[in-house]
Amino acid sequence: MKEINPDYKNHSKIRLALSSKNLRELWIKIGFIVGVMIIWEVIARFGRVSSTLFPPISTIGIALWDNIITGEILEHLLYSLYLIFIGIGIGIVLTFILTVLYMIYKPFANILDIVISIMHPLPGIALLPIIMLIVGLGAKAIVIVIIQSVIWPVMVNSIAGFRSIPITQVELGRNIGMSELRLVCSVMIPNAFPHIFAGLKIAWSRSWRALIGAEMIFGATGLVGGLGWYIYKKRYFLEIPDVFAGLLVIVAIGIIVEEVVMKQIEKRTIVKWGVTV
Amino acid sequence: MRKVLEVEGLNKSFRMNKKNIHVLNNISLSLIKRDFLTVLGPSGCGKSTLIRCICCFEKIDGGVIKVDGMLVTRPGPDRLMVFQEFNQLFHWKTVWENIIYPLNLNHRNKTKKEREEIASKFLEMVNLKDFKNAYPRQLSGGMCQRVAIARALAIGPKILLMDEPFGALDAQTRSILQKELMDIWNKTDITIIFITHNIQESILLGNKIMVLSRIPAAIKVLVDNTIPFPRMPETPEFMDLWKELYSTLDVKRF
């Protein structure tokens, strides 16, 4: 007496078909990038442009390689990543606390609604002068800018996610004897996860932008600086291929996080559970 | 016989559009071990509200609810609900994890092996052994309801409350699940309250059948169903009971 669900039996086949489709999409993407690089090279070499301001992609490649070999660019990259991880980490913890309070206390929610509508559209960079006056120049200020870019999008999305939880799921959790904290962690967060994750994706791109921007305004903090500072410094010495190399690294990190890290998380959660926002 | 469930003078009203709507009017009933109570009543009469009150999902306005002689005021695993909705499973857990997770929460004194044995037993009872590692999205509606039933039974409640669990299923799957539920009921000594608006289903399953009136709902009739198993809808006694229930149900004729 078993119903056979065709989707279940053919699951592996479907996955196989998907992966070959993904492969074709990947080739299209790579082809596009290679095409852009060739056009760039041709324009830089044969077009009427200054090779100082618009160096050929091959020159940029060599500059990038040299900078990797000497470890200079990696040092800056690691510093940037270090700052962003601290910022995002603190941001997520704060968001969690604020969101839980928001869901529990109605008056707090009303106040926070106003705060969100003020802070959410505000670019972190715009706050930098004030932050600098309060905490001074340095890593602290950059981290605060990152936190500001993380909290609001994640919070707005998390609240939407929590509000969309079916009442059945919450009642079920209470019914099987969960404590309130366990209910939040084991029922509400997984239910709201697709929304929370969408917020995290926005938070990542916003904070990455804010970080690079803040580093450029700031310069180095102490002895080390991030990628933004690296670009700023290279421009100062008119080492334009190095400036482009720095930009390439920023783009590369963006692509890796979007296409590899985020896609993998998505595949292991939302896609596997079959839920969409 | 000791009473598993006692409801005395249960009253419940809702506030809707600034008006008080009296839904349950002085409901009293008691069930003993292995009772299978089916509840019939016109649409919107408060059938679901009744078992939601027993589950303590709703605050009651008056009356007492006792399980094994103890007053209950909060939801708990001694009264487990099987909902009508298919989304009552945790979609981020497999069938197996859905069953074993509440077991781990509620039976900490048992060893891991014992808990796994219980989970396998009930998974087998609902015929889903082959779908152990499937995710809810890969299951049909009927299978989801089976997992929900297995999960509830595995925890070992005193009372199983079923809110039209087969209401959203096709007729064929529904009759298969009715039979499976009867088998399970025969194998365990659980007390069940089963909401339905299908008269035939109520006679097939219940050893007690209750009909509620329109709101404010009171108990119209509470009959003992003594038709021997296997119950066939074609037999005269079945048809007589059907007619009796139909007339008390106050269905408007075309």
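Caption draft 1: Structural detail: the pairing of strand E7 (residues 159-163) of chain B. Residue and element names in this part refer to chain B. For E7, a buried count of five out of five residues is recorded, marking the element as mostly surrounded by other parts of the structure. The alternating pattern of E7 places Ile-159, Leu-161 and Asp-163 and Leu-160 and Met-162 on opposite faces, both of which are buried. Pairing of E7 with strand E8 (residues 191-195), which is carried by five bridges, proceeds in the parallel orientation. Of the residues in E8, the one forming a bridge with Leu-161 is Ile-193. The handedness of the E7 to E8 crossover, carried by helix H5 (residues 171-187), is right-handed.

Caption draft 2: Structural view of the environment of Phe-193 of chain A. All names here are of chain A. One can find Phe-193 in helix H9 (residues 180-218). Residue Phe-193 is classed as buried on the basis of its C-beta count, with 20 C-beta atoms lying within 10 Å. Sequence separation of Phe-193 and Glu-239 is 46 residues, and the distance between their C-alpha atoms is 45 Å.

Caption draft 3: Quick peek at the interface of chain B and chain A. Chain B puts 28 residues into the contact, and the matching count from chain A is 21 residues. Every element with two or more residues in the side of chain B that touches chain A is listed here: strand E6 (79-82), helix H2 (95-106) and helix H4 (141-155) of chain B. Looking at side-chain class alone, the side of chain B that touches chain A contains 17 nonpolar, nine polar and two charged residues.

Caption draft 4: Highlighting the packing of H2 of chain B against helix H3 (residues 112-125) of chain B. All names here are of chain B. For the pair H2 and H3, the least separation of the axes is 10 Å and the interaxial angle reads 135 degrees. As the angle between them shows, H2 and H3 are arranged oblique. Seen from above, H2 lies across H3 with right-handed handedness. Between H2, through Trp-96, Ile-99, Ile-100, Leu-103 and Asn-104, and H3, the contact on the second element is made entirely by Arg-115, Glu-116, Ile-118, Ala-119, Phe-122 and Leu-123. Classifying every residue of the contact of H2 with H3 by side-chain character gives eight nonpolar, one polar and two charged.

What counts, and at which threshold
- Residues numbered from 1 in each chain as written.
- Chains lettered and ligands numbered in written order.
- Predicted model: local features only at pLDDT ≥ 70, side-chain atom pairs only at ≥ 80, totals over all residues.
- Buried ≥ 20, exposed ≤ 12 C-beta atoms within 10 Å, placed from the backbone.
- Helix = DSSP H or I, 4+ residues; strand = E, 2+ residues; numbered from the N terminus.
- Pairing = 2+ DSSP bridges.
- Right-handed = clockwise from strand over helix to strand, strands pointing away.
- Contact = placed C-beta atoms within 7 Å.
- Nonpolar A, V, L, I, M, F, W, Y, C, P; charged D, E, K, R; others polar.
- Axes fitted to C-alpha atoms, helices over the stretch in contact; angles between N-to-C directions.
- Parallel < 35°, antiparallel > 145°, perpendicular 65-115°, else oblique.
- Left-handed = near helix turned anticlockwise from the far one by under 90°.

It is worth stressing that arrangement in space is one thing and function is another; only the former is reported here.
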